[in-house]
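A look at the structure
Residues per chain, in single letters:
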Amino acid sequence: MVTGERVLVIGVGRIGAVTAIGLAHLLHDVTGVDTNAERVEELRAGRLREAEPGLRAALKSALRLRQLRFERAVAPGDHDVTFLCVDTPPLPGGEPDLRQLFAAGEFAARVTARGGVVVTRSTVPPGTGDRLEAALRAAGRRDLAVVHVPEFLREGRAWEDFREPDRVAIGANDPAAGERVARLFTDIAAPVYRMDRVTAELAKYAANAYLATAVSFANEMADLAACFGADTDRLFEVLKADRRIGREAYLGPGLGFGGTACRRTRRRSSTSRRRGASSCTSCGRPSG
Ligand SMILES: NC(=O)c1ccc[n+]([C@@H]2O[C@H](COP(=O)([O-])OP(=O)(O)OC[C@H]3O[C@@H](n4cnc5c(N)ncnc54)[C@H](O)[C@@H]3O)[C@@H](O)[C@H]2O)c1
């Protein structure tokens, strides 16, 4: 379903490129903008550093069909839905550095069309959407809604995960803005979970924390199996045969985590623990 929305993606690194190429593949009119001139040139030429099967062919096809373009700058008012896909790297203490996100938000405030929607795709701590909304209002953009659509893709399977995700989560406090964003993803055959914004923000952290816990648990069990001389493969087979655990469970011993996201969430939750868990590092509320 083509909506006629003109989409802008701010930050076309790993996640932004997949988002821009994916939305163009769904036949939306997409512009990707990045402060990194080299990255813009690379994408314009149909080149990608990432080893993501299928993604380069999709990029070339979207460029050829003129569904997608990459720029260093864009004119104000030309885009209705602006995705923020910039990085939120950890600070030395483990908390995410949101400076790039708020700088991209400032840019969105300058260029997004009246009555538009700003979508955060970066991984952000719960409550960031409220802060971004306040920043947009302070910049005189009360007309813009803020929606969160977390990215759950796996490294090495990014294109497959964009086209055939297990689910799409859309977090919006304004139902009409949520509906506009949901329509962009209509042609993806996956269950769409609509929720309020903070729940969507937390959902991404919860998914990463769960997966990180599963890997840690599997490693503990593998250590125990080694101590007792037990058969690790058989152990996990029998565990996964339990329907409460599931055959697809992310349960197997390994050296570490597959992507940056799980590692960051683990660091973030260990920071909370070090602080005695007396307050939540995201919102400062007592955590009991
Ligand atoms: N990498 C993953 O597998 C993954 C998975 C899920 C979620 N995420 C989250 O997605 C977000 C983005 O991660 P990434 O790996 O794509 O980061 P990245 O560093 O690859 O890309 C970010 C891009 O944003 C650009 N940028 C920064 N500020 C800008 C601005 N003001 N205007 C225009 N461009 C700007 C940078 O030049 C860069 O190209 C992070 O929050 C990350 O946690 C990442």
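Going by what an unreviewed UniProt entry lists, the chain is known as UDP-glucose 6-dehydrogenase and is assigned to Tepidiforma flava. Entered under Sequence similarities (unreviewed entry) in the UniProt record, the comment concerning the chain runs "Belongs to the UDP-glucose/GDP-mannose dehydrogenase family."

Topic: the site of the ligand
Near the ligand lie 27 residues; those nearest to it are Gly11, Gly13, Arg14, Ile15 and Ser122. Of all the secondary-structure elements, those providing two or more residues to the shell around the ligand are α1 (14–25), α4 (99–111) and α10 (260–274). When grouped by side-chain class, the residues that make up the shell around the ligand number 10 nonpolar, 11 polar and 6 charged. Both domains that meet at the shell around the ligand, namely domain 1 (6–196) and domain 2 (203–274), each give it at least three residues.

Observations regarding unusual backbone geometry
With phi around 70 degrees, Leu27 is a residue other than glycine that occupies positive phi space. Owing to 14 C-beta atoms within 10 Å, Leu27 belongs among the partly exposed residues under this scheme. In this structure, Arg66 takes a positive phi of about 60 degrees despite not being glycine. Tracing the sequence through the fold places Arg66 in the loop between α3 (55–64) and β3 (68–71).

Points about the pairing of strand β2 (residues 29–33)
Within β2, 5 of the 5 residues are buried, which leaves it mostly tucked inside the rest of the structure. Residues Asp29, Thr31 and Val33 line one face of β2 and the alternating positions Val30 and Gly32 line the opposite face, and both faces are buried. Relative to β2, strand β1 (residues 6–10) is paired through 5 bridges, and the arrangement is parallel. The partner of Val7 across the bridge, within β2, is Val30. Traced from β1 through α1 to β2, the parallel crossover comes out right-handed. Where β2 lies against β3, 4 bridges are found, and the strand directions are parallel. Bridge assignment links Thr31 to a residue of β3, and that residue is Arg69.

Scoring rules and cut-offs
- Residues numbered from 1 in each chain as written.
- Predicted model: local features only at pLDDT ≥ 70, side-chain atom pairs only at ≥ 80, totals over all residues.
- UniProt positions renumbered as here; feature names shortened; annotations may be inferred.
- Near = placed C-beta within 6 Å.
- Helix = DSSP H or I, 4+ residues; strand = E, 2+ residues; numbered from the N terminus.
- Nonpolar A, V, L, I, M, F, W, Y, C, P; charged D, E, K, R; others polar.
- Domains from an automatic or database assignment.
- Buried ≥ 20, exposed ≤ 12 C-beta atoms within 10 Å, placed from the backbone.
- Pairing = 2+ DSSP bridges.
- Right-handed = clockwise from strand over helix to strand, strands pointing away.

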